[in-house]
Amino acid sequence: MPVDLSRLGRRALLVSALVLALSPLTPTQAAPPAQTSGAIATTQAAPRGAEVVAVRQVADRLTDLTVRSEALGGRTVNVRLLTPDGWNPADRRQHWPTFWLLHGCCGDYTSWSGTDIATIPSLRKVLVVMPEAGWNGWYSDWWNYGAGGDPAWETFHTVELAHLLEHGWGASSNRVVAGLSMGGQGALLYAARHPGMFRAAAAYSGSAHPLLNDESINRIKGFFAGQGNDPLRVWGDPVAQRGIWEAHDPYYLAHRLKSLPVYLSCGDGTAGPLDPPGKTDALEADFNRQNHALAAELERVGAKHLTTNFYGPGTHAWAYWQRELHASLPMLLQALQR
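Residues numbered from 1 in each chain as written. Predicted model: local features only at pLDDT ≥ 70, side-chain atom pairs only at ≥ 80, totals over all residues. Heavy atoms only, no water.

1. Points about the pattern of salt bridges
What the rule picks out here adds up to 13 salt bridges. A salt bridge links glutamate 297 to arginine 300; the nearest nitrogen and oxygen atoms lie 2.9 Å apart. Of the two residues, glutamate 297 and arginine 300 are both situated in helix 8 (residues 282-300); the distance of three residues between them amounts to about one turn of the helix. Arginine 300 sits in the exposed class, given a relative accessible area of 61%. One salt-bridge network, in which partners are shared between bridges, spans Glu215, Arg219, Asp286 and Arg289. (Salt bridge = Lys/Arg side-chain N within 4 Å of Asp/Glu carboxyl O. Helix = DSSP H or I, 4+ residues; strand = E, 2+ residues; numbered from the N terminus. Buried < 20%, exposed > 50% of the residue type's maximum accessible area, 1.4 Å probe, protein only.)

The structure is reproduced here in C-alpha cells:
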C-alpha cells in the first residue's frame, strides 16, 4: 500500500512534540533512552504500574506503543493504535471515542492490521486500540497455582493500559470492545467483569462457553498448553478450580451482559462461501455450539440488546471475521454515540 511520506512526517512531528511536552511532567521520570533508527523513543512514567518506553510510527494513522507493564512482570509488550483524523497526543484536551479490538489465540497486536480496518471511513472518527494479549494469554490474570502474578493480562489491559491511554494518548472513557476467537471471549469477559468500562461488546467466532462439555474443556486446555505451557497455570483444574473457570466463562456471566448491546456471530464449521470446497472445521463447530448456548442464556436472563448472526456454513477464518467486523460496526459505533 503506498504511504504518504508528507503525512508521516507531520505525524512524526506530532509524536516528537508529545515527547517534549511530557518530559517535565514527572519529577521521577526515567531518562529517555537513546533514539533509534525509524523510531521515536521515550519513557512516559504513569501510575498503576505501566509506562510507555517507545513510540514508533508504522504508517499513516498507525502508531505502535511499547509499554513496560508491572502486571506482566516488568516485561515490555506492544499496543497498536489506529488513530482518528485530527488526533494529536500532545493536546491533552482531546479525548476520542475508543474502540478496543482484540486478537485471537496464536496471533498478536498486529493481527487486525491484515484486514481493511485502516480504510473503513467510520473508523476515522474513533481511536482503535489493538493491544498485545499473548500467544495464548486468554485475557486473564493467570491463576499460577494460587500465586497469581505474571502474566496478568486482564490487569494490564483494564487497569494499566486503560489509564495510560486516557492520560496521554487521546482515549476517552467512552469505549466499546470486539474480538475474534480468544479475543471474542476477551471482549465478553471484559464487558462483563468490568461493569461500565465498555458500552457494547462483539465476539466473532468467540470462545463463548468453554465449560459447555468435555470437548470444549479439552479444546481450550489444549490451547492453554500451547508453546509448552502448563495448562493448569491459566485457570487451574476445571473441577478443583471450577469457580475460577466459571468466572471466566461468558455463559456464567450472562446476567452481567444483559443490559449491554452484544453482538455474537459464528459459522457452523462446514465449508461456506469464503472457504475452499469441502473444508470442515471442528473448532468453529464447537464455538458455534458455545455461542448458541450463550445466546439462549442471554435471552433467558432478559438481555435487552442482543444481536446474533449465526450464518451457517463458515469456518474459523479471517474472511468471516473481517465481514463480521463490518456487520457489527453500526451497533458498536451507535453505542459510542449514546
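Having seen the model, we can carry on.
2. Quick word on the packing of aromatic side chains
In the structure shown here, the tally under the stated rule is 15 aromatic pairs. For the ring pair tryptophan 100 and phenylalanine 198, a centre distance of 5.8 Å and an interplane angle of 80 degrees mean the geometry is edge-to-face. On the criterion of sequence distance, the pair formed by tryptophan 100 in strand 5 (residues 96-102) and phenylalanine 198 in the loop between helix 3 (182-193) and strand 8 (201-204) is long-range, its members being 98 residues apart. Neither tryptophan 100 nor phenylalanine 198 differs from the other in exposure class; each is buried. Ring geometry for tryptophan 138 versus phenylalanine 223: centroids 5.9 Å apart, planes at 50 degrees, classification tilted. You can see tryptophan 138 sitting in the loop between strand 6 (127-131) and helix 2 (153-166) and its partner phenylalanine 223 sitting in helix 4 (residues 214-224), a full 85 residues away along the chain. On the accessibility criterion, phenylalanine 223 (21% relative accessible area) is partly exposed. Among the aromatic residues, ring-to-ring pairing joins Trp112, Tyr204, Tyr263, Trp318 and Trp321 into one connected group. For the cation-ring pair, arginine 323 lies above tyrosine 311, with the distance from its terminal atom to the ring centre recorded as 4.6 Å. (Phe/Tyr/Trp six-rings, centres within 6.5 Å; stacked < 30°, edge-to-face > 60°. Lys NZ or Arg CZ within 6 Å of the ring centre and 35° of its normal.)

3. Observations concerning helix 9 (residues 318-337)
Spacing of three or four residues puts side chains on the same side of an α-helix, whose turn is 3.6 residues. With 20 residues, helix 9 ought to run about 28 Å at 1.5 Å a step, and its terminal C-alpha atoms sit 28 Å apart, in line with that. At serine 328, helix 9 shows its largest kink, close to 45 degrees, and the proline proline 330 lies no more than four residues downstream. (Expected span 1.5 Å × (residues − 1). Bend = angle between axes of the 7 residues up to and from the residue.)

4. Details of helix 3
Across its twelve residues, helix 3 extends 16 Å between first and last C-alpha, which sits within 8% of the 16 Å expected from 1.5 Å per residue. With eleven of twelve residues buried, helix 3 is to be regarded as a mostly interior element. Those residues of helix 3 that sit buried are Met182, Gly183, Gly184, Gln185, Gly186, Ala187, Leu188, Leu189, Tyr190, Ala191 and Ala192.

5. Some details on the nonpolar core
One finds Trp100, Phe156, Leu165 and Leu188 to be the most contacted residues of the largest nonpolar core, which totals 60 residues. For leucine 188, the contacting residues outside a window of four places in its chain are Ala201, Ala203, Ala208, Pro250, Leu257, Val262, Leu264 and Leu294. Counting residues in each nonpolar core, the second largest holds 27 residues, with Leu62, Ile117, Leu332 and Leu336 among its members. (Core = buried A, V, L, I, M, F, W, Y, C linked by side-chain atoms within 4.5 Å. Contact = heavy atoms within 4.5 Å.)

6. Topic: the confidence of the model for the protein
With 86% of its residues at a pLDDT of 70 or more, the protein shows a mean pLDDT of 88. Confidence scores differ between elements of the protein, with strand 1 (residues 40-44) showing the lowest mean pLDDT of 35 and strand 8 the highest of 99. Contacts for the low-pLDDT stretch residues 1-47, under 50 throughout, to residues beyond four places or in other chains number 71 contacts. (pLDDT = per-residue confidence, 0-100.)

7. A word on unusual backbone geometry
Put simply, aspartate 150 and proline 151 share a cis peptide bond, and its omega is 0 degrees. If you trace the backbone, proline 151 turns up in the loop between strand 6 and helix 2. For tyrosine 139, which is not glycine, the phi dihedral falls at a positive 50 degrees. Relative to the assigned elements, tyrosine 139 resides in the loop between strand 6 and helix 2. The class of tyrosine 139 is buried, set by a relative accessible area of 0%. For serine 181, which is not a glycine, the phi torsion comes out positive at approximately 55 degrees. Here serine 181 is to be found in the loop between strand 7 (171-180) and helix 3. Judged by its relative accessible area of 8%, serine 181 is buried.

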